[in-house]
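# Coordinates in review
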Amino acid sequence: AAPAAPQQQQQQQQQQPLPPAAQGGGAGPGQGPGQAPLPAQVAAAAQAQDFDPVQRFRLLIPQLKESLQTLMKVAAQNLVQNSSIDTGQKSADGALQRFDKSLEEFYGLCDQLELCLRLAHECLSQSFDSAKHAPALVPAAPKGEGGAAETLPYTQYLPLIKAQIAGAKDIHNALLEGANKITGKVPPPGGP
């Protein structure tokens, strides 16, 4: 009878109506009204939030404040006890929180914040570079089907692609030449 109980609970949960948020109030693209978001879409949204360095930074700031407060309390308690021991008022019996562990936790959070800021800076610079080198996209949908407003026609897009290919070849050749200089190899006549 015990194994049947979880199955009955699952059947009851499946028969219960969905909450309003899952019934289509927050339906994403490709969902009709009344459809719940797919588990893959929910997981992708949660994963996107996990990798957002700015959001992670905002979540870490309160933890950093709390860690700093704890660090200061532990330091003050240790200082008071050490001064009492030095003046002979107390013996070294009392167990206090370890200052080094609090300091390590604080530094760990500082390191995480630094990584978040570096990642956010890198994402921003990549965004600027991509906007600079590929300012518009080729329309994927035929005209009249809701294509993006800032798109280039294919004939204008070709020179942009050719310039990007030439730039990639120049970078490749420069890297190859540098590698050959480092290893001491002489490039074959005629070039790559």
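An unreviewed UniProt entry annotates the chain as Mediator of RNA polymerase II transcription subunit 29 of Rhinopomastus cyanomelas. Quoted verbatim from the Subcellular location (unreviewed entry) heading of the UniProt record, the comment on the chain is "Nucleus".

## Side note on the packing of helix H3 (residues 53-87) against helix H4 (residues 99-133)
For the pair H3 and H4, interaxial distance at closest approach is 9 Å and the crossing angle is 160 degrees. Classed by the angle they form, the pair H3 and H4 counts as roughly antiparallel. The chirality of how H3 crosses H4 is left-handed. Across the contact of H3 with H4, the residue classes break down as 20 nonpolar, 6 polar and 2 charged.

## Focus on the pattern of salt bridges
The tally for this structure, following the rule as stated, stands at 3 salt bridges. Notably, a salt bridge pairs Asp100 with Arg98, separated by 2.7 Å at the nearest N-O pair. Residue Asp100 is classed as partly exposed on the basis of its relative accessible area, which comes to 38%. Close ionic contact of Glu114 with Arg118 constitutes a salt bridge, the shortest N to O distance being 2.8 Å. Of this pair, Glu114 and Arg118 both sit in helix H4, separated by 4 residues, roughly a single helical turn.

## What to know about H3
In this model H3 runs 49 Å from its N-terminal to its C-terminal C-alpha over 35 residues, within 8% of the 51 Å that 1.5 Å per residue would give. Along its length, H3 shows its largest kink, about 25 degrees, at Leu60, and proline Pro62 lies within four residues downstream of that point. Those residues of H3 lying buried are Pro53, Leu60, Leu64, Ser67, Leu71, Val74, Asn78, Gln81 and Ser84. Phi for Gly88, located one or two positions after H3, is positive at around 85 degrees.

## Examining the environment of Ala76
Position of Ala76 relative to the elements: it lies in helix H3. On the accessibility criterion, Ala76 (40% relative accessible area) is partly exposed. Once the C-alpha coordinates of Ala76 and Phe99 are considered, the two residues, 23 residues apart in sequence, prove to be 9.7 Å apart.

## Description of helix H5 (residues 154-183)
Under the 1.5 Å per step criterion, the end-to-end length of H5 is 43 Å for 30 residues, consistent within 8% with the ideal 44 Å. Restricting attention to buried positions, one finds in H5 the residues Tyr157, Leu160 and Asn180. If you follow the buried residues of H5, they end up packed against H4. Gly184 sits one or two residues past H5 and shows a positive phi near 85 degrees.

## So, the nonpolar core
In this structure, Leu60, Leu64, Leu71, Phe106, Leu109, Leu113 and Cys116 together form the largest nonpolar core, which totals 7 residues. Of all elements in the fold, only H3 and H4 reach the threshold of two or more residues within this core. Per-element tally for this core: the top contributor is H4, with 4 residues. In this view, Phe106 contacts Leu64, Ser67, Leu68 and Leu71; residues no more than four positions away in its chain are not counted.

## Some remarks on the confidence of the model for the chain
Across the chain, the average pLDDT comes to 73, with 58% of residues at 70 or higher. By mean pLDDT, the top-scoring element of the chain is H3 (91), and the lowest-scoring one is helix H1 (residues 4-15) (43). Within the model, the stretch residues 1-34 combines pLDDT values under 50 with 21 contacts to residues more than four positions away or in other chains.

Conventions adopted
Residues numbered from 1 in each chain as written. Predicted model: local features only at pLDDT ≥ 70, side-chain atom pairs only at ≥ 80, totals over all residues. Heavy atoms only, no water. UniProt positions renumbered as here; feature names shortened; annotations may be inferred. Axes fitted to C-alpha atoms, helices over the stretch in contact; angles between N-to-C directions. Helix = DSSP H or I, 4+ residues; strand = E, 2+ residues; numbered from the N terminus. Parallel < 35°, antiparallel > 145°, perpendicular 65-115°, else oblique. Left-handed = near helix turned anticlockwise from the far one by under 90°. Nonpolar A, V, L, I, M, F, W, Y, C, P; charged D, E, K, R; others polar. Salt bridge = Lys/Arg side-chain N within 4 Å of Asp/Glu carboxyl O. Buried < 20%, exposed > 50% of the residue type's maximum accessible area, 1.4 Å probe, protein only. Expected span 1.5 Å × (residues − 1). Bend = angle between axes of the 7 residues up to and from the residue. Contact = heavy atoms within 4.5 Å. Core = buried A, V, L, I, M, F, W, Y, C linked by side-chain atoms within 4.5 Å. pLDDT = per-residue confidence, 0-100.

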